[in-house]
Structures are given as structure tokens and as C-alpha cells.
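Here is how the chains run, residue by residue.
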Amino acid sequence: MRTTKAAIPLLAFWLAITGSLKPVDVALGVIFSLILGAWAARYLWGEDAPVLTLRQAGRFVIYFAHLLWDIVRAAIQVGEVVLDPRMPIAPIVIAHRTSFSRDVSRVAFANSITLTPGTLTVDVDGNTFYIHCLAERFADDIASGDLERRILRVFER
Amino acid sequence: MTSLDPIRTAVAVVLVSVGGLFFLIGTIGLLRLPDFFTRTHAATKCDTVGAGSLLIGLAVYDGASTSALKILVLVLLVLVSSPTSGHALARAAYRTGLKPWRAGEEREVS
Amino acid sequence: MDVFFWSTAIFLLVNAFACLYRAYDGPTVVDRVLAINIVVTKTLVVLVLLATVFGRGLLLDVALVYGLLNFVLTVVATRYIETERLTGDWS
């Protein structure tokens, strides 16, 4: 079962790379993705595989769109800071405690923080995230718990 | 090369130019900002957006084809790997005892 | 259109050389790894630009492998910096 689950994304990747649907290519893809899938299921599988229900998958799409918008905002904000000759930054590191129960949500949270304006995940210790902020006002965005709630909705409920 | 559709070409030109602009901001940030952590801010964000926008522009220029699909796979790769490696580096720096720069300090010297 | 793509590629290469200054100057090891990471991302985009200009799909595969290697390189370098070991459990 795990082998199949691991093999399906591998096969999709193979089809995207080869870009042909000739029987030979597809057959080779199936063979290789099953071999690699068996290996991955044996050695790489964590305790908690990222399985999403259909509703969560729908929320994930919305979340992803929101995240893309945040990324663009973050890059523009970095541009403002960098191009300003006075360089208006006062970095601080804050510790933020969360209530996630799955590794998937922790990964998503850490990466989302890194991609949202003015914040960067520095270290993760269990459910405590150490976050480097370019200025104190960016820390407030994280402390408000908005991002955390969105991730809880996607991955844990 | 066969792309003659003017709207598609215009969209591609705009996206590629925006990507180039963000890459430039990332470069300036990497050179100007005072310490490693702030540089990581500039590097991860600007590179993700720059590479993403530029590559999507090229995918639009290619139109519906295998290469466009491959370019989109590349965009996903950059989108996932860039913040992860940025975080990995920041964690290594933090754990080996690199102190974040505070406002008012001089630039660290080598 | 080719001229536009060529100038973008050259612009990115100039950027990449500017980033190399950070790899040369440091001051810390992580700064250097970060700078190389950025240079590789730019090179990857230049490869895709060249693939578009020349119409060679093969260069896209090169770019893909380059991107994956970039990630692996950063993670392994980070791991080494953090633990000063390359084998055993990640702490």
C-alpha cells in the first residue's frame, strides 16, 4: 500500500519529465517508480504520512493561493527595505508556541513563515518556533495567530 | 520560436522582466544587508519570486507543450526548496552560535 | 524576442557575478553557502532561458538536475556545519 502511494507521485514526475505516452516509456516509468517506491516506503516513510481528505485538499488550494500572494508581498517589502538608503530594520528573534500535532503542519508553518513578509524561521524545537523578524511590527503578524489558524484548518481539522 | 501570438508574447515579456527585477533586488540585498539572517530574508524571498515569475513567463512563451510542463515542475521545485534550504542554513547558523545583528551595531567584520 | 532573452541571460549572469563577491567576502561560512545557493538558482534560470532560445528540451532536464543538486548541496553543507559529521543520526 505504501509502495503504491509512494510510486504514484514518482510516476507522475516521470511522465512530466519524459513527456511521452509511448507504451515503452510508460512501462519503464511504472517499473522504476515501483522499485523506487518500495525503497522509499522502506527507508523514507515517516510515522505520519501527509494524507489529506478531499475537503482539506480544497482548503489547501485556497491556502496556496493566499500563500502565493503573501510571497509576492514579501518580496516587494524586501525590495522596499533594500532600496531604502536608510535601511529601516531592527531585527529581533522571537519564540512562538503553537499547538500542532502533525509534522506536516509544522513543515508547512515553518516554510510559510519563511515566505511571508519580514519573517524567517530560524529553529524549531517541538512546537516552539524561533522566528527572526526584520522589525517588531512583523512579529505582530505571527503573534496574532492568523497563519497558524489557517494551517490548522488545512491539515488538522 | 513559433510563438507569434502578441498577447502571449507581451505577458511573457512582462513576467520575465519582473523576474529579472526581483533577482536584481535579491542581489542588492545580498550585498547590502548587515548580517547573515537579514541576507537570508532577501535571498529566499526575492529568489523565489524572481525565479518563479521568470520561469512562468518562459512557460507562457512556450505555450502548451512538454517543455512548459517541465518548467512548471521546476517552479514547484524552487518554491519548495528555496525556503527549506534558507531555513536549514539559518538553523545551522543559529545553532553554531552566530548572533543576529541588532540595530545600531556596526557591521560585523570578518 | 531572442535578443530580449539573451539580454536577460546576460543580466542574470552579471547579477550572479555580483553575488560571488558575497561568497568571496564571507564573513561566515553560511554566508558563502547562501551566496553559492543564489548563484546556482540564477544559473538554473539562465539554463532555462538558453533552452527556450535554442529550442533544446535537453537543457531543461539539466536545469532540473541542477536544481535538485542545489538543494542537496545546501542541506549536506548545512548538516556538516551543524554537526561536523556526515554520517549517523541528524540531531
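Conventions we followed
Residues numbered from 1 in each chain as written. Chains lettered and ligands numbered in written order. Predicted model: local features only at pLDDT ≥ 70, side-chain atom pairs only at ≥ 80, totals over all residues. Heavy atoms only, no water. Helix = DSSP H or I, 4+ residues; strand = E, 2+ residues; numbered from the N terminus. Buried < 20%, exposed > 50% of the residue type's maximum accessible area, 1.4 Å probe, protein only. Contact = heavy atoms within 4.5 Å. Areas by Shrake-Rupley, 256 points an atom, 1.4 Å probe, with all protein chains shown as cover. Patch = residues over 30% accessible without salt bridge, like charges linked within 9 Å, V, L, I, M, F, W, Y side chains within 5 Å. Salt bridge = Lys/Arg side-chain N within 4 Å of Asp/Glu carboxyl O. Buried area = accessible area lost by both parts, 1.4 Å probe. Polar contact = N/O pair within 3.5 Å; in protein donor to acceptor, adjacent residues only side chain to side chain. Nonpolar A, V, L, I, M, F, W, Y, C, P; charged D, E, K, R; others polar.

S.K.: Help me get a handle on the overall build of chain A, residues and values and all.
M.R.: In terms of regular secondary structure, chain A is built from six helices and three strands. Along chain A, helices (α) and strands (β) appear in the sequence α-α-α-β-α-β-β-α-α when read from the amino end. Dimensions of chain A along its principal axes, counting C-alpha atoms only, are 60 × 35 × 30 Å. Going through the 157 residues of chain A one by one, you find that 43% of them count as buried. Across chain A, every contact between residues at least 6 apart in sequence was considered, and the portion connecting residues at least 24 apart equals 70%. When the accessible surface of chain A is summed, it comes to about 8,800 Å², and 65% of that surface belongs to carbon and sulfur atoms.

S.K.: Tell me about a nonpolar patch on the surface, residues and numbers included.
M.R.: Taken together, the side chains of A:Val24, A:Leu28, A:Ile31, A:Phe32 and A:Ile35 define a hydrophobic patch exposed on the protein surface, amounting to about 480 Å² of accessible area. Relative to the assigned elements, A:Phe32 resides in helix α2 (residues 23-43).

S.K.: Report on the interface of chain A and chain B, specifying residues and quantitative values.
M.R.: Contacts between chain A and chain B engage 38 residues on the former and 34 residues on the latter. Around 3,000 Å² of area is buried between chain A and chain B when both sides are counted, 75% of it from carbon and sulfur atoms. Interface area lost by chain A to chain B is led by A:Val82, A:Leu120 and A:Val122, which between them contribute 18%. Connecting chain A to chain B are one salt bridge. Ionic pairing is found between B:Arg95 and A:Asp123, a salt bridge with its closest N-O pair at 3.0 Å. Taken together, the links from chain A to chain B amount to 10 residue pairs in polar contact (both at pLDDT 80 or more). At the level of elements, α1 (2-18), α3 (54-83), β1 (92-97), α4 (103-115), β2 (119-125) and β3 (128-133) of chain A are the ones that each hand at least two residues to the side of chain A that touches chain B. A per-element tally of the side of chain A that touches chain B places α3(A) first, with 11 residues. Of the residues in the side of chain A that touches chain B, the class split is 27 nonpolar, nine polar and two charged.

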